[in-house]
Every structure is written in C-alpha cells, then in structure tokens.
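# Report on the structure
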Amino acid sequence: SQLPDQDWWPHGVPPVVRAVEGAPLTPRAIAEALEYRELFNKHQEQQREEARETDTGLEWRIQITPDYSCMSDERREAVETEIASLRADPEVRAGLRRRLQKTQPELARLMDDEGSTTT
C-alpha cells in the first residue's frame, strides 16, 4: 500500500525509524554503546559543520535510553556509577578503539583526537 504523501520522501520511500529492545546488556556493553553514540553523533556534527553531504543526504543520530524501572534507586545508582567508571577505563576505551579502527576508522580518529569523550 502507498502512503498518501509517498512522493514527499526521498526516492518515494519513508525513512525507517526503529527502536531495538533486547536482552539486558552488561554495564560494559552499555558503557561502550554510550561511547560509540558520543563518537558517532560528534562525527555527524562535524560533517554538518563542514557542510559535507552524506551518501543519502540524511543525518543519523543514535539515542540510547536505558530502562532502570526494575531496579531500586540504590541499584540504579550503583549501575550508573559502574557505567561511568567503565567509560573512563583505558582498557574499555582501548578495546572500543581497536574495533572502530577495523570497522569505522573515522570514529577511531575522533577517540584519538579527543583523548576522552566524557567530560
């Protein structure tokens, strides 16, 4: 079926907007995802500031929304503290940097340039 305003979308196809939910992640996986988000979004900002066009002409942003609803306030605070310390952990950052160098070197360079994305 066609959408009434289908020809408004680039190539006549509406964008895909998706929320991904899955099994609970470890604090380390969340820390890495948050670091990745910061790098990805910073790269997008740089491209926009430099007036670069992406392949599709669209801008992509990554949003991560943790759900702590099943935790007590004390447990949530402990987990948030652990995630923050993991984000600053040189070993965690080095592992993320190695993976990015293989798959997305432009984001790995942002890690090297910045030293730390957390302030």
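Everything discussed here concerns the structure shown above.
The shown structure was predicted, so the numbers you read here are calculated from the model rather than taken from an experiment.

At a minimum axis separation of 11 Å, helix α1 (residues 27-49) and helix α3 (residues 90-103) run at an interaxial angle of 55°. Comparing the axis directions of α1 and α3 gives the class oblique. Helix-helix and strand crossings are classified by hand; for α1 and α3 the assignment is right-handed. For the pair formed by α1 and α3, the contact residues are Arg-28, Glu-32, Glu-35, Tyr-36 and Leu-39 on the first element and Glu-91, Val-92, Arg-93, Leu-96, Arg-99 and Leu-100 on the second. In terms of residue class, the contact of α1 with α3 is made up of five nonpolar, no polar and six charged.

Tallied over the full model, the rule gives seven salt bridges. The salt bridge partner of Arg-99 is Glu-32, with a shortest N-O separation of 2.8 Å. In this pair, Arg-99 sits in helix α3 while Glu-32 sits in helix α1, placing the two residues 67 residues apart along the sequence. Since its relative accessible area comes to 14%, Glu-32 is described here as buried.

This paragraph deals with α3. Here α3 contains 14 residues, and its C-alpha end-to-end distance of 20 Å stays within 8% of the 20 Å for a straight helix at 1.5 Å per residue. Among the residues making up α3, those that are buried are Val-92, Arg-93, Gly-95, Leu-96 and Leu-100. Buried residues of α3, viewed axially, fall in a sector of 160°; they line one side. For α3, exposure combined with an orientation more than 90 degrees from the buried face picks out Pro-90, Glu-91, Arg-98 and Lys-102. A side-chain oxygen of the first residue of α3 lies 2.7 Å from the backbone nitrogen of Glu-91; this N-cap is Asp-89.

Procedures and definitions
Residues numbered from 1 in each chain as written. Predicted model: local features only at pLDDT ≥ 70, side-chain atom pairs only at ≥ 80, totals over all residues. Heavy atoms only, no water. Axes fitted to C-alpha atoms, helices over the stretch in contact; angles between N-to-C directions. Helix = DSSP H or I, 4+ residues; strand = E, 2+ residues; numbered from the N terminus. Parallel < 35°, antiparallel > 145°, perpendicular 65-115°, else oblique. Left-handed = near helix turned anticlockwise from the far one by under 90°. Contact = heavy atoms within 4.5 Å. Nonpolar A, V, L, I, M, F, W, Y, C, P; charged D, E, K, R; others polar. Salt bridge = Lys/Arg side-chain N within 4 Å of Asp/Glu carboxyl O. Buried < 20%, exposed > 50% of the residue type's maximum accessible area, 1.4 Å probe, protein only. Expected span 1.5 Å × (residues − 1). Arc of directions from axis to C-beta. Polar contact = N/O pair within 3.5 Å; in protein donor to acceptor, adjacent residues only side chain to side chain.

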